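Notes for the structure review
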Amino acid sequence: LAEYPVDAVVHAAGTVVNTSLDAVSADELAQVWAGKVAGAVHLDAVLADRPLDAFVVFSSIAGVWGSGGQAGYAAANACLDGLV
Ligand SMILES: NC(=O)c1ccc[n+]([C@@H]2O[C@H](COP(=O)([O-])OP(=O)(O)OC[C@H]3O[C@@H](n4cnc5c(N)ncnc54)[C@H](OP(=O)(O)O)[C@@H]3O)[C@@H](O)[C@H]2O)c1
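A few points on the structure. Since the model is a prediction, treat every value here as computed from it, not as a measurement.

Structural notes on helix α3 (residues 71-83)
For an α-helix, 3.6 residues make a turn, and residues three or four places apart therefore share a direction. Taking 1.5 Å of rise per residue, 13 residues should cover 18 Å, and α3 covers 19 Å from first to last C-alpha, within 8% of that figure. Within α3, burial applies to G72, Y73, A74, A76, N77 and L80. Turning to α3, the residues buried within the fold contact α1 (26-46), β2 (54-57) and α2 (62-65).

Rendered as structure tokens:
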């Protein structure tokens, strides 16, 4: 790592579960959260003291104004936006 220091993060993981809010299960929310939020939060924590040139994530407009049948995905993207 000293020879090849990490100086940028590109987080492109994501999972969509197409379920409306009144039908979404805890397992589905956990699946969406794991793909979209947990990895980015861990990377942010692990690299907190390291100066980076870039920390790139791929969010979705669903996090801003929602998306039909994608309640968990929308919440996860809003969380990602908040992290960034
Ligand atoms: N495509 C679009 O129109 C669009 C629009 C808005 C935002 N985005 C966002 O842009 C990003 C990339 O989209 P994409 O179309 O390239 O998605 P994709 O083809 O579905 O690829 C998503 C990748 O995330 C990985 N992944 C899922 N859950 C994971 C987890 N818990 N841990 C680690 N990796 C995980 C998947 O790995 P496996 O294949 O091994 O499951 C897959 O390689 C995503 O965050 C997506 O939400 C995409």
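Structural notes on a nonpolar patch on the surface
A grouping of V10, V56 and F58 is seen on the molecular surface, where their side chains present a nonpolar patch of about 270 Å² in accessible area. Structurally, F58 can be placed in the loop between β2 and α2.

Quick word on the site of the ligand
Taken together, A12, A13, G14, T15, A34, G35, K36, F58, S59, S60 and Y73 are the residues near the ligand. Between an oxygen atom of the ligand and a main-chain N or O atom of A13, the distance comes to 2.8 Å. G14 places a main-chain nitrogen or oxygen 3.2 Å from an oxygen atom of the ligand. Of the residues contributing to the shell around the ligand, the split by class is five nonpolar, five polar and one charged.

The rules we used
Residues numbered from 1 in each chain as written. Predicted model: local features only at pLDDT ≥ 70, side-chain atom pairs only at ≥ 80, totals over all residues. Heavy atoms only, no water. Helix = DSSP H or I, 4+ residues; strand = E, 2+ residues; numbered from the N terminus. Expected span 1.5 Å × (residues − 1). Buried < 20%, exposed > 50% of the residue type's maximum accessible area, 1.4 Å probe, protein only. Contact = heavy atoms within 4.5 Å. Patch = residues over 30% accessible without salt bridge, like charges linked within 9 Å, V, L, I, M, F, W, Y side chains within 5 Å. Areas by Shrake-Rupley, 256 points an atom, 1.4 Å probe, with all protein chains shown as cover. Salt bridge = Lys/Arg side-chain N within 4 Å of Asp/Glu carboxyl O. Near = heavy atom within 4 Å. Polar contact = N/O pair within 3.5 Å; in protein donor to acceptor, adjacent residues only side chain to side chain. Nonpolar A, V, L, I, M, F, W, Y, C, P; charged D, E, K, R; others polar.

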